[in-house]
Number of protein chains: 2
Amino acid sequence: MKSEKASLKNIAEALNVSVSTVSRALKNHPDINDDTCKRVQEYARKVHYRPNVLALGLKHQRSMTIGVVVPEIVHHFFSSIISGIEDLAYGEGYRVMICQSNEDYLREVMNVQALMDHRVDGMLVSISKSTLDHQHFVDLANHGVPLVFMDRACNDLVSDKVLTNDYEGARMVVRHLLKRGCRNILHLAGPQHLCVGRERQEGYIQALNDYGLTHREDFVIRCDTPSKVESRKNKILGKAENIDGIFCVNDFTAAAVMRLLQDNGYDIPGQVAVAGFGDDPLASMVRPTLTTVEQRGYDMGKTAARMLLNRLSGDTIDEDTPQTKVFPAFLKVRESG
Amino acid sequence: MKSEKASLKNIAEALNVSVSTVSRALKNHPDINDDTCKRVQEYARKVHYRPNVLALGLKHQRSMTIGVVVPEIVHHFFSSIISGIEDLAYGEGYRVMICQSNEDYLREVMNVQALMDHRVDGMLVSISKSTLDHQHFVDLANHGVPLVFMDRACNDLVSDKVLTNDYEGARMVVRHLLKRGCRNILHLAGPQHLCVGRERQEGYIQALNDYGLTHREDFVIRCDTPSKVESRKNKILGKAENIDGIFCVNDFTAAAVMRLLQDNGYDIPGQVAVAGFGDDPLASMVRPTLTTVEQRGYDMGKTAARMLLNRLSGDTIDEDTPQTKVFPAFLKVRESG
DNA sequence: TTGAAAGCGCTAACAG
DNA sequence: CTGTTAGCGCTTTCAA
């Protein structure tokens, strides 16, 4: 029964009516005979008719598809964002095309290009760590494709954004470590060309200032993945004796450094308190459980999608003013600090 | 500079040639004047011409896109599979549309439908836990859309498959627990209507038999997520005194049960050894690190994509015989058992 | 109430 | 070597 795919044309032929009649009947056009309408709809259902979205997209010049580019879907934060996007978009009749840049600039440019080729109606993007040039996003704007940045935005571009209050989140968790008594807090920092990395570092510095301390340059190390913890382990262990706390730019790094210290005989949080950022599920699986900052990925995705769809339907209040929505961060105190 | 998107038509107009000449020039058709060719290509580059894949798909009746349906991208195993698929597909000029079913049957049916609507050339699928009916996959076959199952296949359907040797993997890791001295091993099992759940349970039973033991019905509990560990915790703790090992159908569940036992004063692996399945990154982050079975997600994804593309190009040896590729499982002995 | 025709962007036989 | 034409599946004027 390898049947030919149903189309308006062959439905029309089978029923001895014209394609336009079928087209109208299928969308309950007002001036169409009730009988014809019913006949067409029944037959369409029988042959499992489904409109060809390629043809529709071509005709309407919009694909009812939104493109998503994130660094890596393996991270819980980004998969949560995606779930949020999907739930909202599906509900509004949109489809979602997901791409991952693997933190690679060239791949990101390719992804954006591929989504453009597919004529997506808009894009939701979280930029990769290695992205320094933003021309591909400028091009998007020039082509009139609406764009909303999520979490990792680029500052030199006016555009809608959905962010976490990284600055206050970082400040909050570092103040927590300080309140606990820590006075020599190491910061494992993310790349400073990304807003999230920069804001978290500045929050860290501000928290120290809040307590009348100044930050030490040598207490900030660029290190934002477990594998970098491994490659910088001598550097980190070299400082271990002089510190009583560590604030990491994310939870994986925190979990990795915690393990490194434990393996070298340090008690956590007894000798060194550790905190992360993001509240990855991992944070409650490691021992001790990880003190961190909650980030609402699902809600951020949903909000970003909402902003994009608003742009698409063009019924936003401020047609041209870019919106920025900042989500609050929540402190999650657990066992590690 | 919100420029109109370049098309063959407006390139043709600008250059005073016909659309077909432009079309030919752009694909270096043999019989086209070198000058014209160069002129067209230069102009096309200048205006950033990109072919409209919707139009191409409509014309060629194939979209150069493959659809992927997995339960949840948040799991490392599935994201690895996706990375494998992407790397292979991109290299062959295909694009990838990713959908997640969220372990929900209806969502899965929707996903398959949406991918059909997009006229994907083929699909790669890992079925959801709640999928009992397989009609939507039968329909696919009837429409001539090639399908390769990955990891979670459905047995009542002849089709290409890429699997892990779950049976041997489970048998191996349980034999390891037995060799270590465990004699009362609990199994936290997955749904038995999924091949992976069943095979892992059967591997567990076989390993016991290998050691001259018979399995006890009350030592098998359906429990395959951390939240089910939570909801069945009394049942599990009730057996804790009588067991010396636990084999879990996946690593998250293993991590959760490990934590449950630790919180209740049990030493791992001293009193109870614990093993998981999958070698999630989590396995090396928890304490004690988790003994488990390695599963090669990336390679499985790559292989599945390869099988699908072979079907699409139609140059496989056995046109109609479905292929099954089984990947070996590897024991990863760590601290927990 | 229905049909014919044009067109979205592209390709490919056919004709010149 | 290049242009004309038809058609992929669909919508939408315009005409009947």
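Presented here is a report on the structure given in the accompanying data block. (Residues numbered from 1 in each chain as written. Chains lettered and ligands numbered in written order. Predicted model: local features only at pLDDT ≥ 70, side-chain atom pairs only at ≥ 80, totals over all residues. Heavy atoms only, no water.)

**Let's talk about the protein's contact with DNA strand C**
Moving on, step 1. For DNA strand C, the set of nearby residues contains 26 residues, the closest of which are A:Thr21, A:Arg24, A:Lys59, B:Leu8 and B:Tyr49.
Moving on, step 2. In the model, a phosphate oxygen of DNA strand C is placed 2.8 Å from a nitrogen or oxygen of the B:Lys27 side chain.
Moving on, step 3. Counting residues per element, the ones that place at least two in the surface near DNA strand C are helix H2 (19-26) and helix H4 (53-60) of chain A together with helix H1 (8-15), helix H2 (19-26) and helix H4 (53-60) of chain B.
Moving on, step 4. Looking at the surface near DNA strand C, its residues break down into 8 nonpolar, 11 polar and 7 charged. (Near = heavy atom within 4 Å. Polar contact = N/O pair within 3.5 Å; in protein donor to acceptor, adjacent residues only side chain to side chain. Helix = DSSP H or I, 4+ residues; strand = E, 2+ residues; numbered from the N terminus. Nonpolar A, V, L, I, M, F, W, Y, C, P; charged D, E, K, R; others polar.)

**Re the interface of chain B and chain A**
Moving on, step 1. Contacts between chain B and chain A engage 53 residues on the former and 52 residues on the latter.
Moving on, step 2. Summing both sides of the interface, chain B and chain A together bury roughly 5100 Å²; the carbon and sulfur share of this comes to 56%.
Moving on, step 3. For the chain B face of the interface with chain A, the top three residues by lost area are B:Leu54, B:Met285 and B:Arg287, together amounting to 14%.
Moving on, step 4. Residue B:Arg107 pairs with A:Asp87 through a salt bridge whose shortest N-O separation is 3.1 Å. (Contact = heavy atoms within 4.5 Å. Buried area = accessible area lost by both parts, 1.4 Å probe. Salt bridge = Lys/Arg side-chain N within 4 Å of Asp/Glu carboxyl O.)

**Re the pattern of salt bridges**
Moving on, step 1. The full count for this structure, using the stated rule, is 38 salt bridges over all chains.
Moving on, step 2. Residue B:Arg50 pairs with A:Asp117 through a salt bridge whose shortest N-O separation is 2.5 Å. Of this pair, B:Arg50 sits in the loop between helix H3 (34-46) and H4 while A:Asp117 is found in helix H6 (residues 105-117), placing the two residues in two different chains.
Moving on, step 3. With its nearest N and O atoms 3.2 Å apart, the salt bridge here joins A:Glu230 to A:Lys233.
Moving on, step 4. For A:Glu230, a relative accessible area of 48% puts it in the partly exposed group.
Moving on, step 5. One network of salt bridges, in which partners are shared, links A:Glu168, A:Arg171, A:Arg175 and A:Asp210. (Buried < 20%, exposed > 50% of the residue type's maximum accessible area, 1.4 Å probe, protein only.)

**Regarding the relation of the copies chain B and chain A**
Moving on, step 1. For the pair chain B and chain A, the superposition axis carries a translation of 0.0 Å, the fit reaches an RMSD of 0.1 Å, and the rotation angle comes to 180 degrees. Taken together, the rotation and translation relating the two chain copies correspond to the operation of a two-fold axis. (Least-squares fit on C-alpha atoms with pLDDT ≥ 70 in both.)

**Observations regarding unusual backbone geometry**
Moving on, step 1. Going from A:Arg287 to A:Pro288, the amide bond is cis rather than trans, its omega being -10 degrees.
Moving on, step 2. By secondary structure assignment, the location of A:Pro288 is in the loop between strand E9 (273-275) and strand E10 (292-294).
Moving on, step 3. In this structure, B:Asn102 takes a positive phi of about 55 degrees despite not being glycine.
Moving on, step 4. Its location among the elements puts B:Asn102 in the loop between strand E2 (95-100) and helix H6 (105-117).
Moving on, step 5. What makes B:Asn102 partly exposed here is its relative accessible area of 29%.

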